[in-house]
Amino acid sequence: MCKILCPICERRICDVTTSSKEKVFIEMKCPHCNRIVKIEFPIAAVLKLKTK
């Protein structure tokens, strides 16, 4: 599981868990700053966490 931060207000907006080996893009409305943000989720970060 990886914590995702809003690129605008830098507050936590969600947690992501995936087993996909593809790039994952998330587009959502930040509950803190109320802006729509698009985030590219780093799959490598999840794979490193799973191997620990």
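Shown above is the structure to which this text applies.
I will try to describe carefully the structure that is included in this document. For clarity, every value in this text was computed on a predicted model and none was experimentally measured.

Digging into the environment of Ile 26
Turning to step 1, where the next piece is worked out: On the secondary structure map, Ile 26 appears in strand β3 (residues 24-29).
Turning to step 2, where the next piece is worked out: Exposure remark for Ile 26: the relative accessible area of 17% places this residue in the buried category.
Turning to step 3, where the next piece is worked out: Sequence separation of Ile 26 and Val 16 is ten residues, and the distance between their C-alpha atoms is 9.6 Å.
Turning to step 4, where the next piece is worked out: Excluding its chain neighbours within four sequence positions, the residues that come into contact with Ile 26 are Val 16, Val 37, Lys 38 and Ile 39.

Examining the nonpolar core
Turning to step 1, where the next piece is worked out: Cys 2, Ile 4, Cys 6, Ile 13, Cys 14, Val 16, Val 24, Ile 26, Cys 30, Val 37, Ile 39 and Phe 41 together form the largest nonpolar core, which totals twelve residues.
Turning to step 2, where the next piece is worked out: Counting residues per element, the ones that place at least two in this core are β1 (2-5), β2 (12-16), β3 and β4 (36-41).
Turning to step 3, where the next piece is worked out: If sequence neighbours within four positions are ignored, Cys 14 has contacts with Cys 2, Lys 3, Ile 4 and Met 28.

What to know about the pairing of β3
Residues in a regular strand point their side chains to alternate faces of the sheet.
Turning to step 1, where the next piece is worked out: Of the pairings in the sheet, the one linking β3 to β4 comprises six bridges and is antiparallel in character. Paired with Glu 27 across the strands is Lys 38, a residue of β4.
Turning to step 2, where the next piece is worked out: In this structure, the hairpin formed by β3 and β4 is closed by a connection of six residues, where Asn 34 is found at a positive phi of approximately 60°.

Rules behind the numbers
- Counting restarts for each chain, with residues numbered from 1 along the sequence as it is written.
- Under the rules for a predicted model, residues below a pLDDT of 70 receive no local features and side-chain atom pairs below 80 are neither given nor counted, while totals for whole chains, interfaces and linings still include all residues.
- Only hydrogens and water are set aside; all other atoms, that is, all heavy atoms of the structure, feed into the side-chain values.
- A run of H or I in DSSP counts as a helix once it spans at least four residues, and a run of E counts as a strand once it spans at least two, with each numbered from the N terminus.
- Accessible area is worked out with a 1.4 Å probe on protein chains only. A residue is then buried under 20% of its type maximum, exposed over 50%, and partly exposed in between.
- The contact criterion used is simple: two residues touch if any of their non-hydrogen atoms lie within 4.5 Å.
- The criterion is simple. A nonpolar core is a set of buried Ala, Val, Leu, Ile, Met, Phe, Trp, Tyr and Cys residues joined through side-chain atoms within 4.5 Å.
- Strands qualify as paired when DSSP identifies two bridges or more between them.

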